[in-house]
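Chain residues, written in single-letter form:
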Amino acid sequence: MKPTTDVRRRLPAVDTLLSHPDVQQARERHGWRLTRQAVRQTLDDERARLARSAGAVSYTPHAPLDHDGLAARCLACLEALARPQCRALFNLTGTVIHTNMGRSPLAEAAIEAMVRAARHPIALEYDLENGERGERDRLVETLLCELTGAEAATVVNNNAGAVVLALGALGAGREAVISRGELIEIGGAFRLPDIMQAAGCRLREVGATNRTHARDVQAAMNEATGLILKAHTSNYAISGFTHSVAEHELAAIAHAHGVPLMVDLGSGALIDFSRLGLPYENQPRDSIAAGADVVTFSGDKLLGGPQAGIIVGKRELIAAIKRHPLKRALRLDKLTLAALEATLRLYRDSDAPERDIPTLAMLTRSEAAIAATGRRVLAPTTTLLADIEVTLEPCMSQLGSGSLPVDRLPSRALVWRPVTPDRRHQARTLKRLERAFRQLPRPVIGRLKDGALWLDLRCLNGADAEATFIGQLDALKAAFDRQASAPEASAGDPS
Ligand SMILES: *Cc1c(COP(=O)(O)O)cnc(C)c1O
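Residues numbered from 1 in each chain as written. Predicted model: local features only at pLDDT ≥ 70, side-chain atom pairs only at ≥ 80, totals over all residues. Heavy atoms only, no water.

Let's talk about the environment of Thr93
Counting through the fold element by element, Thr93 comes out in the loop between strand 1 (90–91) and helix 6 (108–119). Using a relative accessible area of 8% as the deciding quantity, one classes Thr93 as buried. Each C-alpha atom of the pair Thr93 and Cys459 lies 8.8 Å from the other, and the pair is 366 residues apart in sequence. Apart from the residues within four sequence positions on either side, Thr93 is in contact with His98, Met101, Ile445, Gly446, Arg447 and Asp456. Side-chain polar atoms of Thr93 contact the backbone nitrogen of Thr95, separated by 3.2 Å. (Helix = DSSP H or I, 4+ residues; strand = E, 2+ residues; numbered from the N terminus. Buried < 20%, exposed > 50% of the residue type's maximum accessible area, 1.4 Å probe, protein only. Contact = heavy atoms within 4.5 Å. Polar contact = N/O pair within 3.5 Å; in protein donor to acceptor, adjacent residues only side chain to side chain.)

Take a look at the structure:
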């Protein structure tokens, strides 16, 4: 009475499944190693499945094993193994600059620059003028100075790195004065108090959470003060009875005591956002003009470039930052530098950066344009799936990554709502739908809200994107129906 072993013995050998004509054909495309791995995995899964179903009532010990079915499963496994982890998806969450989805897509010019730098040697640390060894920051320093009004600039891996480095170089072993209203946590373990400690600064908190006055800062200044730090409260807003000290006041206090004012801006908007019809966002140029000595910001937030931490400011302070040993540990690679240079050039040279830089293009997309996309993608979806009603509804996008935390941009969403009468069934249908979207060749990520899946169309931008989205609807239906007929398939869901 051991039928389980019986059936599992009847699984084909690895070589048998490998020589199945369909598998042979796939092997030509994917190569020997990957195909063998897929065969092994398929047989392992099948063995485990048979062991599980051995106890089930539906079990029939002598049902013949279907080699074509196994081969088909093997091909699906092979496709999954061959698909890169790092693949394009549609971010329709409504958060335009989404840290979990790589923040800013790059401008075409930046992509071309990266490809060039990837393919050929470049003058990374080589001065073509004099034929000598040069400094890699030189590729972007002049542009950054032009765009921010600063005397000097340097760049590192990301803004968190920029903050640690600048604090370490300017304030290690001394006190860093900061308002209690600005002790921010950005998420992903970036907490300003911890960062300051890691950099070797002693935290000197002043004021209260909602109100800090110039006299509070003034009273904290002493022999041990190394710098004043102002942090942009980027992912929340304190409203109501509030007061914070303006940068020019902080600069005056800092300079009277012979120490620098450092500003961590977070988002680095390099153009006037109000000119684009968006809420005004502080620019590095404003902080420099207000007297800040060092300003740090990200390359991949509102700037719309690659991940980078940018530090601009006074010449001698930037020189000290460049000399710090951590600078070498945090330096940028050539691909990122190439992309950053190309992006910065667009800010300096393009007649319309808001057209050429995708992040700005998405943020400035008009409601009318989004609604037009909505009508085009709505038409083929309305009768696509059983039990799901699809409508076009107004929604609000947010900028994301801690930029302008309270501002929202009016947009349109494709809303997928299960319409079966049973509540529990609705919830299951919604889960199935959400999973089916994630399983597409180009996964679609939306947001679950009010018993529906909302796809904010602000970031479905351009004819190609629309065509790809519509082109996948058949695959969506297949994935959705497949899950309905085989709910146990979810056990192998890689997500
Ligand atoms: C986002 C942000 C950071 C961290 O920047 P990364 O580029 O994510 O490392 C630091 N400070 C502020 C104020 C921020 O908004």
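Things to note about helix 5 (residues 67–82)
Along its 16 residues, helix 5 runs 22 Å from first to last C-alpha, staying within 8% of the 22 Å computed at 1.5 Å per residue. Listing the buried residues of helix 5 in full gives Leu70, Ala71, Cys74, Cys77 and Leu78. For helix 5, the angular spread of the buried residues around the axis is 120°, confining them to a single face. Its buried side turned inward, helix 5 meets helix 2 (14–18), helix 3 (21–30) and helix 4 (32–53). Sitting at the head of helix 5, Asp66 places a side-chain oxygen 3.1 Å from the backbone nitrogen of Asp68. (Expected span 1.5 Å × (residues − 1). Arc of directions from axis to C-beta.)

Remarks on the UniProt feature "modified residue: N6-(pyridoxal phosphate)lysine" (unreviewed entry) in the protein
Following the UniProt record, the feature "modified residue: N6-(pyridoxal phosphate)lysine" (unreviewed entry) maps to Lys301 here. As for its placement among the helices and strands, Lys301 is situated in the loop between strand 11 (294–298) and strand 12 (309–313). (UniProt positions renumbered as here; feature names shortened; annotations may be inferred.)

Quick word on the sheet that holds strand 4 (residues 152–156)
Hydrogen bonding along the main chain pairs the strands of a sheet, whether they run parallel or antiparallel. Across the sheet, which stays open at both edges, the seven strands sit in the order 4-12-11-10-9-5-8 with mixed pairing between neighbours. For this open sheet the edge positions go to strand 4 and strand 8 (202–206), each flanked by a neighbour on one side alone. Between one strand and the next, the sheet's axes are offset by a mean angle of 25°, whatever the strand orientation. By the bridge criterion, three bridges tie strand 5 (residues 175–179) to strand 9 (residues 225–231) in an arrangement that is parallel. In the strand pairing of strand 9, Glu175 is matched with Thr225. Along the sheet face, helix 13 (residues 315–323) touches strand 4, strand 11 and strand 12 and points at about 25° away from the line of strand 4. (Pairing = 2+ DSSP bridges. Axes fitted to C-alpha atoms, helices over the stretch in contact; angles between N-to-C directions.)

Looking at the domain arrangement of the protein
How large an interface is tends to be reported as the accessible area lost when its parts come together. We note that the domain assignment places domain 1 (5–82), domain 2 (90–99 + 362–490) and domain 3 (108–351) within the protein. Here the C-alpha centre of domain 3 lies 55 Å away from the C-alpha centre of domain 1. (Domains from an automatic or database assignment.)

Structural notes on the pairing of strand 11
Most of strand 11 is tucked away: five of the five residues are buried. Residues Val294, Thr296 and Ser298 of strand 11 are buried on one face, and the alternating residues Val295 and Phe297, pointing to the opposite face, are buried as well. Relative to strand 11, strand 10 (residues 261–266) is paired through four bridges, and the arrangement is parallel. Of the residues in strand 11, the one forming a bridge with Val263 is Val295. Regarding the hand of the β-α-β motif, the stretch spanning strand 10, helix 12 (residues 284–289) and strand 11 is right-handed. Relative to strand 12, strand 11 is paired through five bridges, and the arrangement is antiparallel. Note on strand 12: the bridge partner recorded for Phe297 is Ile310. (Right-handed = clockwise from strand over helix to strand, strands pointing away.)

Regarding the UniProt feature "domain: L-seryl-tRNA selenium transferase N-terminal" (unreviewed entry) in the protein
UniProt tags residues 8–47 as "domain: L-seryl-tRNA selenium transferase N-terminal" (unreviewed entry). As a span, residues 8–47 carries 82% helix and 0% strand, and end to end its C-alpha atoms are 6 Å apart.

Quick notes on the pattern of salt bridges
Two side chains carrying opposite charge are able to pair once their charged atoms lie near each other. Counted according to the given criterion, the structure contains 24 salt bridges. Of the charged contacts, one joins Arg29 and Glu79 as a salt bridge, the two residues approaching to 3.1 Å between their closest N and O atoms. Within this pair, whereas Arg29 is found in helix 3, its partner Glu79 is found in helix 5, the two being separated by 50 residues in sequence. Residue Glu79 is classed as partly exposed on the basis of its relative accessible area, which comes to 39%. The partner of Glu146 in a salt bridge is Arg348, and the shortest N-O contact between them spans 3.6 Å. Residue Glu146 is found in helix 7 (residues 138–148), and its partner Arg348 is found in helix 15 (residues 334–349); the two are separated by 202 residues along the sequence. (Salt bridge = Lys/Arg side-chain N within 4 Å of Asp/Glu carboxyl O.)

Concerning the side chain of Thr212
By the element assignment, Thr212 lies in the loop between strand 8 and helix 10 (214–220). Take Thr212: its relative accessible area is 2%, and that puts it in the buried class. There is a polar contact of 2.7 Å between the side chain of Thr212 and the side chain of Ser179. If we skip the residues at most four places from it in the chain, Thr212 touches Ser179, Arg180, Val206, Gly207, Val217, His243, Ser244 and Val245.

Re the packing of aromatic side chains
Under the criterion given, the structure shown has two aromatic pairs. Where Trp416 meets Phe437, the ring centres are 5.0 Å apart and the plane angle is 85°; that geometry is what we call edge-to-face. Note that Trp416 is positioned in strand 14 (residues 403–418) and Phe437 in helix 19 (residues 423–438), a separation of 21 residues in sequence. When its relative accessible area of 0% is taken as the criterion, Trp416 is described as buried. Taking the relative accessible area as the measure of exposure, Phe437 reaches 1% and is therefore buried. Against the face of Phe480 rests Arg432, its NZ or CZ located 4.0 Å from the ring centre. Its guanidinium or amino end placed over the ring of Trp454, Lys449 lies 4.1 Å from that ring's centre, counting from NZ or CZ. (Phe/Tyr/Trp six-rings, centres within 6.5 Å; stacked < 30°, edge-to-face > 60°. Lys NZ or Arg CZ within 6 Å of the ring centre and 35° of its normal.)

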